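Working through the structure, step by step
These are the residues of each chain, in order.
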Amino acid sequence: MSAPVTEDLLIVGAGGFARETAQAVRDVAAADVARGRAPRWRLAGHLDDDPALHGREVDGVPVPGGCELVHDLPAARVVVCVGSPRDYAVRARLVRRLGLPVDRYATVVHPAAAVSGSSAVGPGSVLLAHCVLTAGVRVGSHVAVMPQAVLTHEDEVGDFATLASGVRLGGGVRVGRGAYVGAGAVVREYAGIGAWSLTGMGSTVLADVPAGEVWAGSPARLLRPAGATALAELAREAGGPGGAPCGPAGDAPVPAGAPAHGTEDGTGPNGRRPQTRMESPVV
């Protein structure tokens, strides 16, 4: 068997989430060395469209230029680390703009994260320190899971979703594509968080949050529609140019091979049994 080869890694973005990911990459490299193997990645730099950052360093990592430089370094792996509650759709827009093949994307899992062997994590996703995936959890592509988030049995998290620090998901929760779940939010078992919705920090979610809405409070309740950029993504996926049909949390398309939304007796609301067998996490 050939020895592992250290690959260059480019982090798209240079803000807070990007800096946290860079530190996680350093920690992964240190853990690899401690185990006597070559580091998985070498930090090749942050890429950011802010020209004021070009030629500078962020926490010791160079910023050689804008995001399009990913195309000039085809051998480097990439992870896109942008987004905030003010515009949590930016990660999806940027991934679409870059148009990279799936195999260019790395998946960063901090060595202090606990990911069960029955769970799966998609390409481009980042799991930071002390987050936990207990059993049969499926995390999609380009998902951000912040420190100390806990995802329990059979949870499903759609592509481009963000789980902020300290989020707690009960079993069988379904988080839709692009949804943002704020810091410290607690979601009741088998609840659905709709696509491109935003759940406020510290909320207690006892009922389904519909797609494209902002909910907050304890118990969480509707505050207003989601912001314009999130609603634009929702509309695009509902049938706009290049879009695909997509409904509220309970009707959103399920990724191929994903487990069904289930109940305690092992069947979902539609009577189907969830598929619980998962592949090993992609790292």
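This structure is a prediction, so every number in the text was calculated from the model and none was measured. (Residues numbered from 1 in each chain as written. Predicted model: local features only at pLDDT ≥ 70, side-chain atom pairs only at ≥ 80, totals over all residues. Heavy atoms only, no water.)

**Let's talk about the sheet that holds strand E5 (residues 77–80)**
- Judged by pairing direction, the sheet is parallel, and its three strands sit side by side in the order E2-E1-E5 without closing on themselves. Bordering the open sheet on either side are strand E2 (41–47) and E5, each of which pairs with just one other strand. For this sheet, the mean inter-axis angle between neighbouring strands, taken without regard to orientation, is 25°.
- Here helix H1 (residues 16–34) sits on the sheet and contacts strand E1 (7–12), E2 and E5; the angle it forms with E2, its principal contact strand, is near 170°.
- On top of the sheet, helix H2 (residues 90–98) reaches E1 and E5; it is set at about 150° to E5, its chief contact. (Pairing = 2+ DSSP bridges. Helix = DSSP H or I, 4+ residues; strand = E, 2+ residues; numbered from the N terminus. Axes fitted to C-alpha atoms, helices over the stretch in contact; angles between N-to-C directions. Contact = heavy atoms within 4.5 Å.)

**Here we look at the nonpolar core**
- By size, the foremost hydrophobic cluster in this structure holds 29 residues, and its most contacted members are Leu151, Val157, Leu163, Leu169 and Val175.
- Apart from residues lying up to four places away in sequence, leucine 163 is in contact with Ala144, Val145, Met146, Leu151, Val157, Leu169, Val175 and Val181. (Core = buried A, V, L, I, M, F, W, Y, C linked by side-chain atoms within 4.5 Å. Buried < 20%, exposed > 50% of the residue type's maximum accessible area, 1.4 Å probe, protein only.)

**Some words on the environment of methionine 146**
- Note on placement: methionine 146 falls in the loop between strand E12 (144–145) and strand E13 (150–151).
- We classify methionine 146 as buried; its relative accessible area is 13%.
- Put simply, methionine 146 and phenylalanine 17 are 129 residues apart on the chain and 8.8 Å apart in space, counted from C-alpha to C-alpha.
- Among residues more than four places away in sequence, those in contact with methionine 146 are Phe17, Glu20, Leu128, Cys131, Thr162, Leu163, Ala164 and Ser165.

**With respect to the sheet that holds strand E11 (residues 138–139)**
- The strand order E8-E11-E14-E17-E20 describes an open sheet built from five strands, whose pairing is parallel. The sheet is open, and its two edges are formed by strand E8 (120–121) and strand E20 (192–193), each paired on a single side.
- Of the pairings in the sheet, the one linking strand E17 (residues 174–175) to E20 comprises two bridges and is parallel in character. For valine 175, the partnering residue across the bridge sits in E20 and is isoleucine 193.

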